[in-house]
Amino acid sequence: MLLSRTLGRTLLAAAARSKHYATTAAAGSREGHNPLQEFFEADRSPDDDKPVVYGRSWKASELRLKSWDNLHKLWYVLLKEKNMLMTQRQMLNAQNLRFPHPERIPKVRKSMCRIKQVLTERAIEEPDPRRSADMKRMINAL
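All figures in this text were calculated on a predicted structure; none of them were measured in a lab.

Asks: Help me understand the overall build of the protein chain in this model?
Replies: The number of helices and strands found in the protein chain is 5 helices and 0 strands. In the protein chain, the succession of helices and strands from N to C terminus is α-α-α-α-α. Per-residue burial over the protein chain gives 18% buried out of 142 residues. The long-range fraction of contacts in the protein chain, counting pairs at least 24 apart against all pairs at least 6 apart in sequence, stands at 64%. Of the roughly 11,100 Å² of accessible surface on the protein chain, a fraction of 57% belongs to carbon and sulfur atoms.

Set out below in structure tokens:
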């Protein structure tokens, strides 16, 4: 009985917190924002005459200067970019249209591989074998 009361109170408190966070998140978000739009590139204005120049892939030497947390953030930014590009490519292929700038996908993949390489180097250099094994497991899960 005591256990069920405690469990019930915990669940009610968690539900109240999640409801509070949901309302504050909804109040801070843009009205009419569809999260699926993040999988598509923003449309360019037809008035833009000059071509869009996309960046290069990250070099391993640049990535070695970044912290563990910054590399993880960059990983997820690149993952989001890769998903956006792959979605766009698939949608255009389904409509028998040509995917513009197909060279962007290998740049993103190359950057992601280099991040994994840098993280693996750091895991190998870790003196604590348990921490090194944990780091390697986490890197392989990426």
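So much for the structure itself; the text now carries on.
Asks: Quick question: what am I supposed to make of helix α5 (residues 129–141) here?
Replies: Side chains three or four residues apart in an α-helix point the same way, a direct result of the helix having 3.6 residues per turn. With 13 residues, α5 extends 18 Å from end C-alpha to end C-alpha; this agrees with the ideal 18 Å at 1.5 Å per step. The set of residues buried in α5 consists of S132, M135 and I139. Axial view of α5: buried residues confined to an arc of 65°, hence all on one face. Exposed residues pointing more than 90 degrees away from the buried face of α5 are listed as R130, R137, N140 and A141. Those residues of α5 that are buried are in contact with α3 (68–94) and α4 (104–125).

Asks: Quick question: what am I supposed to make of the packing of α3 against α4 here?
Replies: In a pair of packed helices, the angle between the axes and the distance between the axes together describe the arrangement. Interhelical geometry of α3 versus α4 gives an angle of 155° and a closest axis separation of 10 Å. It follows that α3 is roughly antiparallel to α4 by the angle criterion. Here the hand of the crossing between α3 and α4 comes out left-handed. Of the residues that constitute the contact of α3 with α4, the class distribution is 15 nonpolar, 2 polar and 7 charged.

Asks: Looking at this model, I keep getting lost on the pattern of salt bridges. Mind explaining?
Replies: Working definition: two side chains of opposite charge can pair if their charged atoms are close together. Enumeration over the complete set of coordinates arrives at 5 salt bridges. Here E121 ties to R64 by a salt bridge, and the two come within 2.9 Å at their closest N and O atoms. With E121 in helix α4 and R64 in helix α2 (residues 60–64), the pair connects residues that are 57 residues apart, well separated along the chain. On the basis of relative accessibility, which here comes to 40%, the residue R64 falls in the partly exposed class. In this structure, R104 and E81 form a salt bridge, with 2.7 Å as the shortest nitrogen-oxygen distance. Highlighted residues: R104 in helix α4 and E81 in helix α3, separated in sequence by 23 residues. With relative accessibility at 7%, the residue R104 sits in the buried group. With relative accessibility at 25%, the residue E81 sits in the partly exposed group.

Asks: Help me out: how do you make sense of the layout of surface pockets in this one?
Replies: The method is simple in principle: a probe with the dimensions of a water molecule rolls over the atoms, and the space it marks as empty is what remains. Quantified by volume, the second largest pocket comes out at close to 170 Å³. The wall of the second largest pocket is formed by Y54, G55, R56, S57, W58, L78, E81, L85, R104, K107, V108 and S111. Those elements giving two or more residues to the lining of the second largest pocket turn out to be α3 and α4. Its residues placed into classes, the lining of the second largest pocket shows 5 nonpolar, 3 polar and 4 charged.

The rules behind the values
- Residues numbered from 1 in each chain as written.
- Predicted model: local features only at pLDDT ≥ 70, side-chain atom pairs only at ≥ 80, totals over all residues.
- Heavy atoms only, no water.
- Helix = DSSP H or I, 4+ residues; strand = E, 2+ residues; numbered from the N terminus.
- Buried < 20%, exposed > 50% of the residue type's maximum accessible area, 1.4 Å probe, protein only.
- Contact = heavy atoms within 4.5 Å.
- Areas by Shrake-Rupley, 256 points an atom, 1.4 Å probe, with all protein chains shown as cover.
- Expected span 1.5 Å × (residues − 1).
- Arc of directions from axis to C-beta.
- Axes fitted to C-alpha atoms, helices over the stretch in contact; angles between N-to-C directions.
- Parallel < 35°, antiparallel > 145°, perpendicular 65-115°, else oblique.
- Left-handed = near helix turned anticlockwise from the far one by under 90°.
- Nonpolar A, V, L, I, M, F, W, Y, C, P; charged D, E, K, R; others polar.
- Salt bridge = Lys/Arg side-chain N within 4 Å of Asp/Glu carboxyl O.
- 1 Å grid on protein atoms, 1.4 Å probe; cavity = no way out; pocket = protein on both sides within 12 Å on 5 of 7 lines; lining within 4 Å.
- Points joined across faces, edges and corners; volume = space filled by probe spheres on them.

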